[in-house]
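# Reading the structure
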Amino acid sequence: MELYNIYWYDSYGNRSLMDTTNNVDKWLEENNKQRIADGEEAERLDQFEIEEVEAIIYSKEGIKCF
């Protein structure tokens, strides 16, 4: 499974983690629904830094990497 961290930079260059998702297009769709409902403009993926990440899950059965 591919996972992605989505980061946003403010006007001062500070980076904030917005979300971690396996579907950046769906995340953007849901994010924009909320923004539009709040009276704000829709955003585009190129306004964010998107980084592929690896998740390591520790369970009774052992370590699982995604």
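We now turn to the structure provided with this report. (Residues numbered from 1 in each chain as written. Predicted model: local features only at pLDDT ≥ 70, side-chain atom pairs only at ≥ 80, totals over all residues. Heavy atoms only, no water.)

## As for the overall build of the chain
Counting its regular elements, the chain contains one helix and five strands. From first element to last, N terminus to C terminus, the chain shows the α and β order β-β-α-β-β-β. On C-alpha atoms alone, the chain measures out to a radius of gyration of 15 Å, which is more than a quarter above the 11 Å that the 2.2 N^0.38 rule sets for 66 residues. Overall, the chain is about 45 × 25 × 15 Å in size when its C-alpha atoms are taken along their principal axes. Taking all 66 residues of the chain together, 21% fall into the buried category. Sequence separation of at least 24 residues holds for 32% of the intrachain contacts in the chain that already meet a minimum separation of 6. Accessible surface, the chain as shown: approximately 5200 Å² in total, 47% of it carbon and sulfur. Counting 7 positive and 16 negative side-chain charges, the chain places the averaged centre of each group 6 Å from the other. (Helix = DSSP H or I, 4+ residues; strand = E, 2+ residues; numbered from the N terminus. Rg over C-alpha atoms; globule rule 2.2 N^0.38 Å. Buried < 20%, exposed > 50% of the residue type's maximum accessible area, 1.4 Å probe, protein only. Contact = heavy atoms within 4.5 Å. Areas by Shrake-Rupley, 256 points an atom, 1.4 Å probe, with all protein chains shown as cover. Lys, Arg positive; Asp, Glu negative; His and termini not counted. Charge placed at Lys NZ, Arg CZ, Asp CG, Glu CD.)

## Points about the side chain of Asn31
Mapping Asn31 onto the fold places it in helix H1 (residues 24-37). Assessed through its relative accessible area of 17%, Asn31 is described here as buried. The residues contacting Asn31, other than those within four sequence positions of it, are Glu43 and Phe48.

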